[in-house]
Protein chains: 2
Amino acid sequence: MAEEPLIEHQRDLQEMLNQIQFLMERQKLVSQLLKKQKGSNELLQTLLEKQQNTELQQYLRRLHPADIAYVLESLPMAKREEVWRSVDKNSYGEILLELSDAVRERIIPFIQNDDIAQIARKLDSDEIADLFPDLPSDIANDLMDSLQQEERQQVHSALSFPDGSVGALMDFEMITVKEDNSLGDVIDILRKRGEMPSQSNMLFVVGVNKELIGGLEINELLINDSKLLVCDVISQGIPTFHTNDEAKEAAQAFERYDLISAPVINAHNHLVGCLHIDAVVDFINESSQREILSKSGLSEEEDLFAPVLQSGKNRWPWLGLNLVTAFIASRVIGIFEETIVHIVALATLMPIVASVGGNTGNQTIALIIRGLTLNQISSANFYRLLFKELRISILNGVIWGAVVGVFAFVFYQQWQLALVMFAAMVINLIIASLAGVFIPLILKGMGRDPVMGGSVILTAITDSMGFFIFLGLASLFLVSKI
Amino acid sequence: MAEEPLIEHQRDLQEMLNQIQFLMERQKLVSQLLKKQKGSNELLQTLLEKQQNTELQQYLRRLHPADIAYVLESLPMAKREEVWRSVDKNSYGEILLELSDAVRERIIPFIQNDDIAQIARKLDSDEIADLFPDLPSDIANDLMDSLQQEERQQVHSALSFPDGSVGALMDFEMITVKEDNSLGDVIDILRKRGEMPSQSNMLFVVGVNKELIGGLEINELLINDSKLLVCDVISQGIPTFHTNDEAKEAAQAFERYDLISAPVINAHNHLVGCLHIDAVVDFINESSQREILSKSGLSEEEDLFAPVLQSGKNRWPWLGLNLVTAFIASRVIGIFEETIVHIVALATLMPIVASVGGNTGNQTIALIIRGLTLNQISSANFYRLLFKELRISILNGVIWGAVVGVFAFVFYQQWQLALVMFAAMVINLIIASLAGVFIPLILKGMGRDPVMGGSVILTAITDSMGFFIFLGLASLFLVSKI
């Protein structure tokens, strides 16, 4: 077990953060006071500062690397550097791993060349490969040079797996046994190693060419006679992944079958690594965070304390895209300016049609994307789904169209206007449901992420069509009558 | 290990679904053909149908309960009942557990009273408690009656923990040992049980009153001499949760510290249960799904094949809420109808101001909610964050305001109009960033979920204010000049 005190509760996490901030503030204050006191000698000053630093260091030394990463993420830039310098260098590697990409990028410049060997020694090959792409090339080269031959090969092979593949997520380290080992032999092997991977509930059984034969649950070692052979208690048909399987699929399988670890094989059926639940949990969390952020068009994690210009730029592609759709909607209105001059109420009412269309369409899109994620949508049930969404949109269109029709009538006392409003609502909701079903399917068919662009495209359609239908109907049926 | 073939890949999952649908279609066709053939005798017909059913049963019998749950979720109502009837009754309980709440609700009516004892026998107390609230009261009572005294107490206590607490997520089953047991004793205990919880990497060490003393990693049993005592290798200070801790916090701790299992204690420090990574993974997945759906105002999971009226109703609260905000925005425009009659271009341009405001505000809200979830926002850094978002909004307002100003000038050749457009954009983006920072904080302060209502409130503000500022500025500076 780690000797650090582990923090189960958010209030304790936040208290810890407050204490560190307090320590740092006090330190700053003392140095300032000392500087003002001209009489004090330099030696005393340096001594006092050293003592203060030691206090922060001692505090940080007791924390788990994941908690230090949390502290770094929650502090503004200037303080991050101070904390980083006070951290035990042995934890550098683990802390870097725990940081979000955005903050890691900003911590890496603090790394000095002589820290690199330290970092490399503490990390496994797959972890080094995780850091590698973020490192500046000179540091990355130094890091590579400090590795053993075998490790270096592993890092290279980990780097060759694409992001989001099982290969990029797996560990290289694992314990393998042979079918004809006795359980006693296996226990001896484990004792010689002394330490066991605590995330693993399974050893892997391989043949002469490292081909995977099955798994040996560690529990079997405890409850069986040590004279039995591995092949007597082997688990066959355990869930096995390929290095180039999608991590998303592996995560779903871990969830469905409650897995703790699973073997990873290459194209030749050779065992090359092990996928552990902790990596899967990290992957699930990152994916869902990414999905939530990408719905607001934030393509990557943003450091809360990034400089203004950088944060601003992070939001530009989305704003630009939305501006284009807003311009298009605006030009659609432009077509009907004549009509609006005649009946200004149209300008007042038109955003309602567009907005309700956008909202219903986004509900449909959310459900379809969820169905796609869970693989519940197939050619066999597609039409049933489509007709269901269509019927819901007609039902909702009639009900809510009536509501907005009444609203229009109350304010303008024209039943023709109310009728146009009602008809526009029904038609726009139908369009919204069609768009909500087809957009994610088309995006997926094109190999794109339906979460990312789906809702922008949908809103562009429901806005433009909402304005077009409402103002178009009004031009046809209202203008001549006034 | 389970003997079912486990399905690692989505394509295999979908193929399985297709095969089942094919089997069922063929079955239907054969029965129809038989009915048309008037000559055939009833006995032959029954026999053939039986044979067909057996085929489906055999297919389903080979599947893991989680996969049968997937099949049920992906089929329309009529076929669900047929599949349910063909499933091995021994799997009923596990299948029910794996179903989403929405689909489970619709499967439960298929359960017959004599199936209940079967279901109860196969499930642990905490699992029964999960199902309990969804069962109709007569079935629930029968189920309770079929339980042993101890189990019934456990179900009652599990039911008493609120949703989203650690108590509601934990298992009651676990293996406890004493400090003065030798490791050999512990191994004997395990051998007598024969079976071990495969999700557990730890046994718990308790004192005379069941108070928790520490954990004993199963690995320690393998690598240490069996004559050592438990107290020699005990892990102290392991992460421990209270029954009424929030499950969300436990999930974060599991992620931070890569836990596999953790003890759960009650207010008297007595060990009452164990939290396992599989329950945590399910919780994480459900929470993130709920967060994604609730962003589109879908308060609960929706069965893809729910009847139209039910699905329609599920979407009403959100539509109603959005309609209210659209009405308000519409009334804001109504104030300025006079102005619009004079300058119809305003009607064409006003949606741009509102839409860009909504988009930027939603980006800010997404980042603030993420910061809140990760506990990165405290009173110490709040002002820094607020000023950062403000400065970003001014930066973006100036840049994108200039773009829309140019757009307005190109189409209407009035530099005053372009200037009003520019000013309205800057002001609305500032308002959007303030709203984006404060709304989630205020909602959280009121003890509400900032994800659920945040973006509606924000859009209401940015729409109404966007219209108000743009049309108001135009009324002040443009109307008199024309």
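Scoring rules and cut-offs
- Residues numbered from 1 in each chain as written.
- Chains lettered and ligands numbered in written order.
- Predicted model: local features only at pLDDT ≥ 70, side-chain atom pairs only at ≥ 80, totals over all residues.
- Helix = DSSP H or I, 4+ residues; strand = E, 2+ residues; numbered from the N terminus.
- Buried ≥ 20, exposed ≤ 12 C-beta atoms within 10 Å, placed from the backbone.
- Pairing = 2+ DSSP bridges.
- Contact = placed C-beta atoms within 7 Å.
- Axes fitted to C-alpha atoms, helices over the stretch in contact; angles between N-to-C directions.
- Nonpolar A, V, L, I, M, F, W, Y, C, P; charged D, E, K, R; others polar.
- Core = buried A, V, L, I, M, F, W, Y, C linked by C-beta atoms within 7 Å.
- Domains from an automatic or database assignment.

S.K.: Got a sec to walk through the overall build of chain A? Specific residues and values, please.
M.R.: For chain A, the helix and strand inventory stands at 23 helices and six strands. Summarising its shape, the C-alpha atoms of chain A cover approximately 95 × 80 × 40 Å along the three principal directions. Counting all 482 residues of chain A, 45% fall into the buried class.

S.K.: Help me get a handle on the sheet that holds strand 4 (residues 241–242) of chain B, residues and values and all.
M.R.: All names here are of chain B. The strand order 4-5-6 describes an open sheet built from three strands, whose pairing is mixed. The two strands at the open ends of the sheet, each matched to only one other strand, are strand 4 and strand 6 (271–276). Across the face of the sheet, helix 16 (residues 277–295) comes into contact with strand 5 (261–265) and strand 6 while running at roughly 60 degrees to strand 6.

S.K.: Before we move on, could you go through helix 3 (residues 65–74) of chain A and cite the residues and values that matter?
M.R.: Of all the 10 residues making up helix 3 of chain A, 10 are buried; the element is thus mostly covered by neighbouring parts of the structure. Within the sequence span of helix 3 of chain A, burial applies to Pro65, Ala66, Asp67, Ile68, Ala69, Tyr70, Val71, Leu72, Glu73 and Ser74 of chain A.

S.K.: Quick one: what's the story with the interface of chain A and chain B, residue by residue and with numbers?
M.R.: The interface is formed by 109 residues belonging to chain A together with 110 residues belonging to chain B. For the side of chain A that touches chain B, the per-class residue count stands at 53 nonpolar, 37 polar and 19 charged.

S.K.: A description of the nonpolar core should follow, citing residues and the corresponding values.
M.R.: If you look at the biggest cluster of nonpolar residues, it comprises 146 residues, and the most contacted ones within it are Leu275 and Val280 of chain A together with Leu275 and Val280 of chain B. Beyond its immediate stretch of four places on either side in the chain, leucine 275 of chain A contacts Val166, Leu169, Met170, Phe241, Ala250, Ser261, Ala262, Val264 and Val280 of chain A.

S.K.: Go over unusual backbone geometry with me, naming the residues and quoting the values.
M.R.: With the exception of glycine, most residues fall at negative phi, and the peptide bonds are largely trans. A positive phi is found at lysine 210 of chain A, a non-glycine position, where the angle reads about 65 degrees. Here lysine 210 of chain A lies in the loop between strand 2 (202–206) and strand 3 (212–217). The partly exposed category is assigned to lysine 210 of chain A, around which 15 C-beta atoms lie within 10 Å. Here the phi dihedral of aspartate 258 of chain B falls at roughly 50 degrees; this positive angle occurs in a residue that is not glycine.

S.K.: With reference to specific residues and values, describe the pairing of strand 2 of chain A.
M.R.: For a regular strand, side-chain orientation follows a simple rule: the groups alternate between the two sheet faces. Residues and elements named next belong to chain A. Across the five residues that make up strand 2, a large majority, five, are buried. Burial along strand 2 is two-sided: Met202, Phe204 and Val206 facing one way and Leu203 and Val205 facing the other are all buried. In terms of strand pairing, strand 1 (residues 176–177) meets strand 2 through two bridges, oriented parallel. Note on strand 2: the bridge partner recorded for threonine 176 is phenylalanine 204. Bridging between strand 2 and strand 3 involves five bridges; their strand directions are antiparallel.

S.K.: Help me get a handle on the environment of aspartate 101 of chain A, residues and values and all.
M.R.: As for its position among the elements, aspartate 101 of chain A is in helix 6 (residues 101–107). With 202 residues separating them in the primary sequence, aspartate 101 of chain A and aspartate 303 of chain A have C-alpha atoms 8.6 Å apart.

S.K.: Now, about the domain arrangement of chain A: what can you tell me, with residues and values included?
M.R.: The assigned domain composition of chain A is domain 1 (10–163), domain 2 (176–295) and domain 3 (315–481). For domain 2 of chain A versus domain 3 of chain A, the separation of C-alpha centres amounts to 50 Å.

S.K.: Any details on the sheet that holds strand 1 of chain A? Residues and values, ideally.
M.R.: An order of 1-2-3 (chain A) is seen for the three strands of this open sheet, with the pairing classed as mixed. The open sheet terminates on both sides in strands that have one partner only, identified here as strand 1 and strand 3 of chain A.

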